[in-house]
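# Inside the fold
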Amino acid sequence: MVVPRVQAAIATAFGDEFRGTDPVIRPSQFADIQINAALALARKVGLPPRDAAARIVDALDLDGVCSLVEISGPGFINLTFDGTWIEELLNAPTAQAAGGDGHGPLHRVVVDYSSPNVAKEMHVGHLRTTVVGDSLVRVMEALGHTVIRQNHIGDWGTPFGMLIEHWLEVGEDSPEAALLVDDPSAFYQAARAKFDASTEEPDGFATRARLRVVALQGGDPETFAVWERLVAQSKRYFNAIYAMLGISLTDDHIAGESSYDAHLAQLCQELEERGIARISEGALCTFPAGFTGREGDPLPLIIRKSDGGYGYGTTDLATIRYRVRELQADRVLYVVGAPQNVHLRMVMATARDAGWLPDTVEATHVQIGNVLGEDGKILKSRAGNPVKLMALLQEAVDRARAVIDANRPELSDEERAVTARQVGIGAVKYADLSTGHDTEYVFDFDRMLALSGNTGPYVQYAAARIRSILRKAGALEQHEAAAGTAPAATIAVVEPAERALALHLLEYDATLRKVAELLEPHRLCAYLFELAQLFTSFYDQCPVLKAEDSVRESRLALCGLVLRRLSAGLDLLGIETPENM
Ligand code: ARG
């Protein structure tokens with residue numbers, strides 16, 4: 001809450017060029033928070049650190065906010081907040097973080113995420129781009145930004161010849177065709193096997209598959225219609241996964257590779273005519289500045305292969321141009337696996353050269369780190385095939401079910417089933433979200449389902465526990481009212497544990513804004529984890545149900561506020577809050 005004020009004070013004291021300084025803020029034994037900004041600044045402005053701190057304090061406008069401001073140690077600034085100020089903010093209707101309220105401009109953001117491939121299993125990498133992307137769009141929408149989801153599915157290219165031929169051969173209503181929904185890899189592999197076995201036959205499957213590609217790309221209506229049905233079948237698989245995961249993507253958000261096909265020839269021609277692309281070894285390429293191969297030679301982005309075909313780079317150039325020109329984005333995010341970083345940066349650089357990506361538009365690759373198996377390699381099944389995502393998710397739910405069956409036998413079968421799904425899926429998603437999105441992590445059911453540590457179940461449990469406390473007090477409905485309303489009773493902040501909890505509650509909006517700015521959902525996980533921990537200390541130290549009169553009312557209201565924050569925060573992560581756990 002004080003960061004903008006500290007930044008303003010720094011600007012007043014040392015000039016506007018220092019406004020962007022990010023003050024490090026941490027809890028302190030001697031005050032509510034300690035600000036460490038003067039030390040780094042002192043070096044830059046050539047003042048002793050304590051003097052730099054004094055200049056900041058002089059310029060700090062903390063009227064009515066702090067009861068005590070002190071300079072300590074080598075130049076830290078210790079702030080103790082005014083109790084009344086804390087209580088006023090806490091008891092105000094929680095103005096749900098809405099951008100445009102003096103917190104910087106609202107954006108029109110295009111987010112490319114999930115983006116699996118037709119007739120292929122979604123792998124754990126797709127799971128993660130899906131989960132992280134969905135959380136980012138939820139947070140940005142909550143902050144008031146306009147978000148346009150784009151699911152760039154791989155639905156085009158040479159394999160579709162063989163896929164269509166196979167689909168026609170087995171029959172669209174056959175069990176083999178149904179594999180596209182239940183086990184897409186098996187479908188793909190069957191088509192591939194037929195292709196590989198027939199490459200020598202003049203009129204064999206492989207030949208027909210090649211002719212089929214030509215027909216598809218040449219716009220043959222019959223072939224196109226078959227292709228559409230095949231893609232529709234694959235969408236059923238994606239949608240089943242999205243439904244299981246509670247992902248906000250629908251068919252309306254699909255803008256696959258095929259949707260750009262009609263524009264690629266013109267796009268290449270334009271780049272060639274303007275001298276941005278040139279022919280190299282038969283292929284049309286761009287050589288954006290700053291990208292070099294091992295020998296220091298300029299690295300090409302191939303946009304038209306020597307056989308005349310277009311590739312992944314071409315369609316991605318088209319995506320940028322479309323998102324800026326047609327969708328009018330001023331922020332374009334690609335939530336895509338880290339290994340595609342060079343590809344995406346080359347595409348962005350070429351788009352900048354072509355003027356399709358003006359400086360006023362931010363384009364960012366939100367890099368998603370690999371998900372590894374226990375052997376430290378990309379997660380695979382025992383047989384070395386991609387892991388079946390649906391089975392993986394089901395296993396998470398089954399494991400959660402075993403725990404809830406053992407712990408809460410008194411709940412109905414239906415209640416336990418609901419909780420198991422919420423906890424199992426929540427655990428998997430939280431594991432994806434709580435690690436920095438660009439770092440790799442090892443997929444480990446035991447760790448993600450643990451009830452202690454920075455896990456989904458830990459945070460969910462804190463919320464479920466508060467529900468049970470409020471239920472015991474007969475006050476659940478009263479306190480669970482929608483976010484955006486004031487607490488159901490006035491909260492008094494008295495005990496240290498109440499104060500720590502209250503101060504953390506007040507950091508929620510700032511946390512969301514950081515998540516959207518830095519595109520880091522793990523900050524929201526860390527926030528919720530700390531909130532759950534602070535609640536536990538509060539509940540250990542401050543009796544709630546046994547307290548009397550206004551103290552009881554106040555503490556119940558504090559519990560209610562924490563519950564609302566936990567479930568609102570989990571919701572922005574795409575995770576449900578169980579009624580019982
Ligand atoms: N379908 C691609 C894959 O599975 C991801 C596409 C990401 N989006 C993009 N615009 N390149 O790797």
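Residues numbered from 1 in each chain as written. Predicted model: local features only at pLDDT ≥ 70, side-chain atom pairs only at ≥ 80, totals over all residues. Heavy atoms only, no water.

## Focus on the overall build of the protein chain
Each helix and strand in the protein chain was counted, giving 22 helices and 13 strands. For the C-alpha atoms alone, the extent of the protein chain along its principal axes is close to 85 × 65 × 40 Å. The buried share of the protein chain, taken over its 581 residues, is 50%. Taking as baseline every contact in the protein chain between residues at least 6 positions apart, the subset at least 24 positions apart corresponds to 72%. Surface exposure of the protein chain reaches about 25,700 Å², of which carbon and sulfur atoms provide 51%. Within the protein chain, one finds 55 positive and 79 negative side-chain charges whose respective centroids are separated by 2 Å. (Helix = DSSP H or I, 4+ residues; strand = E, 2+ residues; numbered from the N terminus. Buried < 20%, exposed > 50% of the residue type's maximum accessible area, 1.4 Å probe, protein only. Contact = heavy atoms within 4.5 Å. Areas by Shrake-Rupley, 256 points an atom, 1.4 Å probe, with all protein chains shown as cover. Lys, Arg positive; Asp, Glu negative; His and termini not counted. Charge placed at Lys NZ, Arg CZ, Asp CG, Glu CD.)

## Observations regarding the pairing of strand E6 (residues 146-150)
The element E6 is largely enclosed, with a buried count of 4 among its 5 residues. Taken together, the 5 bridges between strand E5 (residues 108-112) and E6 define a ladder with parallel strand orientation. Note on E6: the bridge partner recorded for aspartate 112 is glutamine 150. Crossover connection from E5 via helix H5 (residues 124-142) to parallel E6: handedness right-handed. (Pairing = 2+ DSSP bridges. Right-handed = clockwise from strand over helix to strand, strands pointing away.)

## Here we look at the sheet that holds strand E4 (residues 76-81)
Read from one edge to the other, the open sheet built from 4 strands follows the order E1-E2-E4-E3, with strand pairing classed as antiparallel. Every other strand in the sheet has two partners, leaving strand E1 (24-27) and strand E3 (66-72) as the edge strands with one partner each. Averaged over all neighbouring strand pairs, the angle between strand axes comes to 25°, with direction disregarded. Here E1 runs beside strand E2 (residues 33-36); their pairing, made up of 4 bridges, is antiparallel. (Axes fitted to C-alpha atoms, helices over the stretch in contact; angles between N-to-C directions.)

## Notes on the site of the ligand
If you check the shell around the ligand, you find Asp112, Ser115, Asn117, His126, His152, Tyr312, Asp316, Tyr334, Val336 and Gln340 and nothing else. Between aspartate 316 and the ligand, the recorded distance is 2.8 Å, taken from a side-chain N or O atom to a nitrogen atom. Each residue belonging to the shell around the ligand can be placed in one class, and the counts come to 3 nonpolar, 5 polar and 2 charged. (Near = heavy atom within 4 Å. Polar contact = N/O pair within 3.5 Å; in protein donor to acceptor, adjacent residues only side chain to side chain. Nonpolar A, V, L, I, M, F, W, Y, C, P; charged D, E, K, R; others polar.)

## Quick look at the packing of aromatic side chains
Counting across every chain of the model gives 11 aromatic pairs. For the pair phenylalanine 224 and tryptophan 227, a centre-to-centre distance of 5.0 Å together with 35° between the ring planes defines the contact as tilted. In this pair, phenylalanine 224 and tryptophan 227 are both assigned in helix H10 (residues 221-245), 3 residues apart and thus about one turn of the helix distant. Judged by its relative accessible area of 7%, tryptophan 227 is buried. Between tyrosine 260 and tyrosine 322, the aromatic rings sit 5.8 Å apart at their centres with planes inclined by 80°, giving edge-to-face as the arrangement. (Phe/Tyr/Trp six-rings, centres within 6.5 Å; stacked < 30°, edge-to-face > 60°.)

## Quick notes on the packing of helix H6 (residues 159-170) against helix H8 (residues 184-197)
At a closest axis distance of 9 Å, the pairing of H6 and H8 adopts a crossing angle of 100°. Our classification of the angle between H6 and H8 gives roughly perpendicular. On H8, the residues touching Pro159, Met162, Leu163, His166, Trp167, Glu169 and Val170 of H6 are Phe187, Tyr188, Ala190, Ala191, Arg192, Lys194 and Phe195. (Parallel < 35°, antiparallel > 145°, perpendicular 65-115°, else oblique.)

## Quick look at the pairing of E3
Bridging between E3 and E4 involves 6 bridges; their strand directions are antiparallel. Bridge pairing in E4 links glutamate 70 to asparagine 78. Where E3 hands over to E4, the hairpin turn is made up of 3 residues, of which glycine 73 adopts a positive phi near 50°.

## Re helix H2 (residues 38-45)
Along H2, the residues that are buried comprise Ala38, Leu41 and Ala42. Projected onto a plane normal to the axis of H2, the buried residues spread over an arc of 110° and lie on a single side. In H2, those exposed residues whose orientation departs by more than 90 degrees from the buried face are Arg43 and Lys44. Packed against the buried residues of H2 are helix H1 (3-14), E2 and helix H3 (49-59). Looking one or two residues past H2, glycine 46 carries a phi angle of roughly 70°, positive in sign. (Arc of directions from axis to C-beta.)

## A look at the packing of helix H7 (residues 175-182) against H8
Where H7 meets H8, the closest approach of the two axes is 6 Å, and the angle between their N-to-C directions is 130°. Classed by the angle they form, the pair H7 and H8 counts as oblique. Contacts between H7 and H8 involve Glu176, Ala177, Leu179, Leu180, Val181 and Asp182 from the first element and Pro184, Ala186 and Phe187 from the second. Taken together, the residues that form the contact of H7 with H8 break down as 7 nonpolar, no polar and 2 charged.

## Details of the confidence of the model for the protein chain
Considering every residue of the protein chain, the mean pLDDT works out to 93; 98% of them sit at 70 or more. Overall, residues 95-101 carries pLDDT values under 50, and its contacts beyond four positions in sequence, including any with other chains, amount to 13 contacts. (pLDDT = per-residue confidence, 0-100.)

## Notes on the pattern of salt bridges
Evaluated as defined, the whole model comprises 32 salt bridges. Linking arginine 208 and glutamate 169 is a salt bridge whose minimum nitrogen-to-oxygen distance equals 2.5 Å. Of this pair, arginine 208 sits in helix H9 (residues 205-217) while glutamate 169 sits in helix H6, placing them 39 residues apart in sequence. Residues joined in a network through salt bridges with shared partners are Glu165, Glu169, Lys194, Arg208 and Arg212. (Salt bridge = Lys/Arg side-chain N within 4 Å of Asp/Glu carboxyl O.)

## As for unusual backbone geometry
A positive phi angle, near 60°, is found at alanine 119, a position not held by glycine. Summarising the element assignment, alanine 119 is placed in the loop between E5 and H5. The backbone of glutamate 281 sits at a positive phi, close to 50°, despite the residue not being glycine. Considering the arrangement of structural elements, one finds glutamate 281 in the loop between strand E7 (277-280) and strand E8 (283-286).

## Description of the sheet that holds strand E10 (residues 331-337)
Spatial ordering of the open sheet is given by E6-E5-E10-E11, a layout of 4 strands whose pairing is parallel. The open sheet has two free edges, formed respectively by E6 and strand E11 (362-368), since each of these has just one partner strand. Pairs of neighbouring strands in the sheet enclose a mean axial angle of 20°, with direction left out of account. Alignment of E10 against E11, held across 7 bridges, turns out to be parallel. Bridging from a neighbouring strand, valine 336 pairs with glutamine 367 of E11. Across the sheet, H5 is in contact with E5, E6, E10 and E11; its angle to E10 comes to roughly 155°. On the sheet, helix H12 (residues 312-325) packs against E5, E6 and E10 and is oriented at approximately 150° with respect to E10.

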